[in-house]
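Breakdown of the fold
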Protein chains: 2
Amino acid sequence: MKKIHQNFKLGVLGGGQLGRMLIQPGANFNVHIKVLDPDPHAPCARLATEFVQGSLTDFDTVVKFGEDVDVLTIEIENVNTDALDELVKRGVEVYPQPHIIKLIQDKRTQKQFYKDHQIPTSDFVLVDNLEEAKQYTEMLPAVQKLGKEGYDGRGVQVINSEQDFEKGFDASSVLEKRVDIDKEISIIIARNPSGEIKTFPAVELVYHEQNLVDYLISPAHLSQGIEERAKEIATDLVEKLGFTGLLAVEMFVDQSGKILVNEVAPRPHNSGHQTIEGNYTSQYEQLLRAVLDLPLGDTRLRGRSAMVNVLGAEGYEGSAYYEGFDKVMALPGTYIHLYGKKLTKPFRKMGHVTILDDQEDKLIEKVELVKKHLKVITKD
Amino acid sequence: MKKIHQNFKLGVLGGGQLGRMLIQPGANFNVHIKVLDPDPHAPCARLATEFVQGSLTDFDTVVKFGEDVDVLTIEIENVNTDALDELVKRGVEVYPQPHIIKLIQDKRTQKQFYKDHQIPTSDFVLVDNLEEAKQYTEMLPAVQKLGKEGYDGRGVQVINSEQDFEKGFDASSVLEKRVDIDKEISIIIARNPSGEIKTFPAVELVYHEQNLVDYLISPAHLSQGIEERAKEIATDLVEKLGFTGLLAVEMFVDQSGKILVNEVAPRPHNSGHQTIEGNYTSQYEQLLRAVLDLPLGDTRLRGRSAMVNVLGAEGYEGSAYYEGFDKVMALPGTYIHLYGKKLTKPFRKMGHVTILDDQEDKLIEKVELVKKHLKVITKD
């Protein structure tokens, strides 16, 4: 093997569920996985080979954490990229590269990159405050997104009419023309330092009103032409970025069949959970292979699958209790992944369920059963 | 769910690779897994939620370890069963039940159980020493097995002729008539406390001269009649034992098509490693489901697979180095599982590789490539 030696250490910034699902296959490669997270009860805390409690955004904490690792990666974007630059100077391999994480952290620079590099994306303007935004009535109906700190539907405001500007953000943001969406799809793509690139088949996302994924279907229902074009766009983007690591590329297919890049995440992504059971290689193992400069894994589908997020139920806050766990466990080809979070609150991502069934009607039936039975509540 | 609560603890006696592969899916159920092993560098040491270093055969150590867990199970048979009895008295659920572990620990009582309960097995006599064994010339050709402490080919001696008795064990043992073997197969079967029973499809084992599995093919090449009969025998055995947990039943199919139980292991087994990728539910998840009294998982095959053990190469002892790791990683549908053991020695089980390919000729081709490329050696 290229780099993995007996005392090889992989550092991971972020100790959430994405890190947890990285540690599970990571054990198969004998890799010492050292994780940094501010929460001492983070999902990775007890599973990581080594867990350090500390801030992901504090320069000194991140530098100190990363000093003794061979390769450093992330499972969350909101990290101190200056510290990553410093670590690169000190000889640590950091993937994705710090300047790309920085570019992606801000939706404004991300959008501008697409425009400057002929990556298809929706029309937009960058605005510094609400007053400025209000001048762009020709962009309506639009979506206003905060440059930074947006996550899981937060920091996004739909602006259908001039009146809606009242709900807008008075902050540095991007105002995007709304796309007449036919489908939302995602392609996960990996590139290793040797330059090998592999894309996963596209998946299709179905949202509910809280702007969180309701469920996901793999593979997406796309004509071969559109699937190929989406993969070309993802590959073009990775090459233009010079990106190394794992990138989730969220795209819209509009009513005319045009593909537009919405946004990207430079890490494992919610839209790739189902790869654990649904594909020959999971997105988590693929990230490991990519950052360790191993040959990338086989991304082919093993079968049709769906993924349902398990969210904290509305009206419950406190110690989590999983109602209907055994009912879901009794469904064949159904895989519950709980993230080890002690406390639930409304819409918190507490886990996910992957369902395998090559018959799509049965698959959707099981999705509905899972959503009906499995509830994250509190007890007493 | 039936029993799993926020502070639920599963105790595991033994911290080897079987425990390690139990912890990997165990994280998906939010179960606190507490592991006991004498080796502070055992494969589970860094991955377990809680790791305790201590003897598995010392009464006080095992009792103290098990006192605060909800359910206790094993990943190795050689544990103090008196301590397990004591823990049952104190209200801990112990699966498999201590008296069954005790019965299985000794190949003599195991064999006698088969005979007393009409479970088909090869003819045998129980002997207390070599002098006594020598009197049973009518059993030749035979295999002499130590009652206890036999493992992975140790404690087994082939006695083809009267001269061979010189190599025999002068100890409490069982002398078995050699079976004219057509195939060696294994069926893994689980039963939960509610009485639900599920069998995995039979797999076929190919041995090499060191008496360790060379590779394994799933599914076994059996007529439907023989497969059904093997499952009936495994089910009958589990019912007669009143067994709860996961049982690997190793069987011979003789030249006349008769099935004979060779021996059993009351825990995850080498012959079930390939279930991780090859079946809808892995043997490890099935053990968790069984001992936690959850509905048992779907045991169906997802495809044809093979499993190759990764053993320490002859002539190397010391810090392990995995030669050819990246070559194997480049083969599609190939899964390396390293067990996290720092030190290699000849024939030590250091890991395994599962290969998926529905075309059997290609599958065997990849088995040979894996065996050719992947070597566990030492460096410098």
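Residues numbered from 1 in each chain as written. Chains lettered and ligands numbered in written order. Predicted model: local features only at pLDDT ≥ 70, side-chain atom pairs only at ≥ 80, totals over all residues. Heavy atoms only, no water.

1. As for empty space enclosed by the protein
- Counted according to the given criterion, the structure contains five cavities of 30 Å³ or more.
- By volume, the largest cavity amounts to about 730 Å³.
- Lining the largest cavity are 34 residues, and of these Asn-28, Ile-276 and Glu-277 of chain A together with Ile-276 and Glu-277 of chain B lie nearest its centre.
- Those elements that provide at least two residues to the lining of the largest cavity are α1 (17–26), α8 (275–278), α9 (283–291) and β18 (334–338) of chain A together with α1 (17–26), α8 (275–278) and β18 (334–338) of chain B.
- Considered as a void within the structure, the second largest cavity measures approximately 50 Å³ in volume.
- What lines the second largest cavity is a set of 13 residues, among which Phe-200, Pro-201, Val-203, Gln-274 and Thr-275 of chain A lie closest to the centre.
- The leading source of residues in the lining of the second largest cavity is strand β10 (residues 181–191) of chain A, at three residues.
- When the residues that make up the lining of the second largest cavity are grouped by side-chain class, the tally is six nonpolar, seven polar and no charged. (1 Å grid on protein atoms, 1.4 Å probe; cavity = no way out; pocket = protein on both sides within 12 Å on 5 of 7 lines; lining within 4 Å. Points joined across faces, edges and corners; volume = space filled by probe spheres on them. Helix = DSSP H or I, 4+ residues; strand = E, 2+ residues; numbered from the N terminus. Nonpolar A, V, L, I, M, F, W, Y, C, P; charged D, E, K, R; others polar.)

2. Considerations on the UniProt feature "binding site: ATP" (unreviewed entry) in chain A
All names here are of chain A.
- UniProt's entry tags Lys-107, Lys-145, Glu-176, Lys-177, Arg-178, Val-179, Glu-184, Asn-262 and Glu-263 with the feature "binding site: ATP" (unreviewed entry), counted in the numbering of this structure.
- Note that Arg-178 resides in the loop between β9 (173–177) and β10.
- Since its relative accessible area comes to 42%, Arg-178 is described here as partly exposed.
- A distance of 2.9 Å separates the side chain of Arg-178 from the side chain of Asn-160, its partner in a polar contact.
- Along the chain, Val-179 falls in the loop between β9 and β10.
- Owing to a relative accessible area of 17%, Val-179 belongs among the buried residues under this scheme.
- Dropping the residues within four chain positions of it, Val-179 is found in contact with Ser-122, Phe-252, Asp-254 and Leu-260. (UniProt positions renumbered as here; feature names shortened; annotations may be inferred. Buried < 20%, exposed > 50% of the residue type's maximum accessible area, 1.4 Å probe, protein only. Polar contact = N/O pair within 3.5 Å; in protein donor to acceptor, adjacent residues only side chain to side chain. Contact = heavy atoms within 4.5 Å.)

3. Brief notes about the domain arrangement of chain A
- As far as domains go, chain A holds domain 1 (9–94), domain 2 (123–177) and domain 3 (181–378).
- Taken over C-alpha atoms, the centre of domain 1 of chain A sits 34 Å from the centre of domain 2 of chain A. (Domains from an automatic or database assignment.)

4. Some points on the pairing of strand β10 (residues 181–191) of chain B
Residue and element names in this part refer to chain B.
- Within β10, nine of the eleven residues are buried, leaving the element largely enclosed by the surrounding structure.
- The pairing of β10 with strand β14 (residues 245–254) spans ten bridges and is antiparallel. For Lys-183, the partnering residue across the bridge sits in β14 and is Val-253.
- Here β10 runs beside strand β12 (residues 203–207); their pairing, made up of three bridges, is antiparallel. The partner of Glu-184 across the bridge, within β12, is Leu-205. (Pairing = 2+ DSSP bridges.)

5. Considering the relation of the copies chain A and chain B
- By a simple turn and slide, chain A fits onto chain B: the slide is 0.0 Å along the axis, the RMSD is 0.0 Å, and the turn is 180°. Both chain copies can therefore be described as sitting about a two-fold axis. (Least-squares fit on C-alpha atoms with pLDDT ≥ 70 in both.)

6. Some thoughts on unusual backbone geometry
- At the junction of Ser-218 of chain A and Pro-219 of chain A, the peptide bond is cis and its omega measures out at 0° in the coordinates.
- Of note, Pro-219 of chain A is situated in the loop between β13 (213–218) and α7 (224–241).
- Here the amide bond leading from Tyr-95 of chain B into Pro-96 of chain B is cis, since omega sits at -5°, within 30 degrees of zero.
- Relative to the elements of secondary structure, Pro-96 of chain B occurs in the loop between β5 (93–94) and α4 (98–105).
- At Gln-118 of chain B, a position not held by glycine, the phi torsion is positive, near 55°.
- Checked against the element boundaries, Gln-118 of chain B lands in the loop between α5 (107–116) and β6 (124–127).
- Phi at Asp-293 of chain B is positive, roughly 55°, even though this residue is not glycine.
- Here Asp-293 of chain B shows up in the loop between α9 (283–291) and β16 (305–311).

7. Let's talk about the sheet that holds strand β21 (residues 375–378) of chain B
Residues and elements named next belong to chain B.
- Across the sheet, three strands lie side by side as β19-β17-β21; this open sheet has antiparallel pairing. One side of each edge strand has no neighbouring strand; the edge strands of this open sheet are β19 (343–344) and β21.
- The pairing of strand β17 (residues 318–323) with β21 spans four bridges and is classified as antiparallel. When the bridges of β21 are listed, Tyr-321 appears paired with Ile-377.

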